[in-house]
Amino acid sequence: MKRNFLCGLIASVSMISIGAYADPVPDASSAALTTKGYVDDGLKYVYKVASGISDGAVKSLQNIVGNAADPANNVEATGLVKRVTDLEKNNGYTAGTGVVVTPGENDDPSTIGIAVPSNATNGTKYVFQADGNGGGTWQAMEVESTWDPTFLTIP
């Protein structure tokens, strides 16, 4: 009797709980997509932020970014676009003491290098010694290539 009761109890619990495993939303419904809610929330957030931007803020950003040049109408680039264009042309590089700028040709960029002395000896190491006034000179640097093995034992 106890065994029949126990089997009946297990069978009835299984029958009652089968509803918990049923899918209440058919798969064809968009609500069954678990990521749809995240995407919808994200799109609503982006729309809310974008619609809150004033025309003045957009115009201010446009002024900062600037416009591209239009050579056909004799219009120069403005804002950040002009700065980038100038950097691409390397107009901002200036040679100075110890620095040499070699202009590029056509679309090749300029190169910036170190202006070592014209009478530099091959294999000689140089160091730039500043004079404190924005200038300086290149000095040959003595490089020790051999060592006295007893230098640590000499008092």
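Before reading further, recall that the structure is shown in the block above.
About the cut-offs
Residues numbered from 1 in each chain as written. Predicted model: local features only at pLDDT ≥ 70, side-chain atom pairs only at ≥ 80, totals over all residues. Heavy atoms only, no water. Helix = DSSP H or I, 4+ residues; strand = E, 2+ residues; numbered from the N terminus. Buried < 20%, exposed > 50% of the residue type's maximum accessible area, 1.4 Å probe, protein only. Contact = heavy atoms within 4.5 Å. Areas by Shrake-Rupley, 256 points an atom, 1.4 Å probe, with all protein chains shown as cover. Axes fitted to C-alpha atoms, helices over the stretch in contact; angles between N-to-C directions. Parallel < 35°, antiparallel > 145°, perpendicular 65-115°, else oblique. Nonpolar A, V, L, I, M, F, W, Y, C, P; charged D, E, K, R; others polar. Pairing = 2+ DSSP bridges. Phe/Tyr/Trp six-rings, centres within 6.5 Å; stacked < 30°, edge-to-face > 60°. Expected span 1.5 Å × (residues − 1). Patch = residues over 30% accessible without salt bridge, like charges linked within 9 Å, V, L, I, M, F, W, Y side chains within 5 Å. Salt bridge = Lys/Arg side-chain N within 4 Å of Asp/Glu carboxyl O.

**A few points about the overall build of the chain**
Then, in step 1: Of regular secondary structure, the chain possesses four helices and four strands.
Then, in step 2: Each helix (α) and strand (β) of the chain, taken in turn from the N terminus, gives the series α-α-α-α-β-β-β-β.
Then, in step 3: Burial status across the chain gives 4% buried among its 155 residues.
Then, in step 4: The contacts in the chain between residues at least 6 apart in sequence include a share of 8% that link residues at least 24 apart.
Then, in step 5: Here the chain displays about 13600 Å² of accessible surface, and carbon together with sulfur accounts for 59% of that area.

**Points about the packing of helix α3 (residues 55-65) against helix α4 (residues 79-89)**
Each pair of packed helices can be described by the angle between their axes along with the distance between the axes.
Then, in step 1: Remark: α3 packs on α4, axes separated minimally by 3 Å, with the N-to-C direction vectors making an angle of 20°. Put simply, α3 runs roughly parallel to α4. Contact with α3, carried on its side by Asn63, Ile64 and Val65, involves Gly79, Leu80 and Val81 of α4 and no other residues of that element.
Then, in step 2: Residue composition of the contact of α3 with α4, by class: four nonpolar, two polar and no charged.

**A look at the pairing of strand β3 (residues 125-130)**
Then, in step 1: Sheet topology note: the β3/strand β4 (residues 136-141) ladder contains six bridges and is antiparallel. By the bridge assignment for β4, Phe128 is matched with Trp138.
Then, in step 2: Hairpin remark: β3 followed by β4, antiparallel, with five residues in the connecting loop; positive phi at Gly132, about 85°.

**Description of the packing of aromatic side chains**
Then, in step 1: For the coordinates displayed, the defined rule picks out one aromatic pair.
Then, in step 2: Taking 5.1 Å as the distance between ring centres and 65° as the angle between the ring planes, the aromatic pair formed by Phe128 and Trp138 counts as edge-to-face. On the criterion of sequence distance, the pair formed by Phe128 in strand β3 and Trp138 in strand β4 is long-range, its members being 10 residues apart.

**So, helix α2 (residues 36-51)**
Then, in step 1: When the terminal C-alpha atoms of α2 are compared, their 22 Å separation across 16 residues agrees well with the 22 Å that a helix rising 1.5 Å per residue should span.
Then, in step 2: Among the 16 residues of α2, zero are classified as buried, and the element is accordingly described as predominantly exposed.

**Here we look at a nonpolar patch on the surface**
Then, in step 1: On the surface, Tyr45, Val46, Val49, Ile53 and Val58 cluster together into a nonpolar patch covering about 470 Å² of accessible area.
Then, in step 2: At three residues, the largest contribution of residues to the nonpolar patch is made by α2.
Then, in step 3: With respect to the helices and strands, the residue Val58 is situated in helix α3.

**So, the environment of Trp138**
Then, in step 1: Each C-alpha atom, one on Trp138 and one on Ala120, is 9.5 Å from the other, the two residues being 18 residues apart in sequence.
Then, in step 2: Excluding residues within four positions of it along the chain, Trp138 makes contact with Gly98, Ile114, Ala115, Val116, Pro117, Tyr126, Val127 and Phe128.

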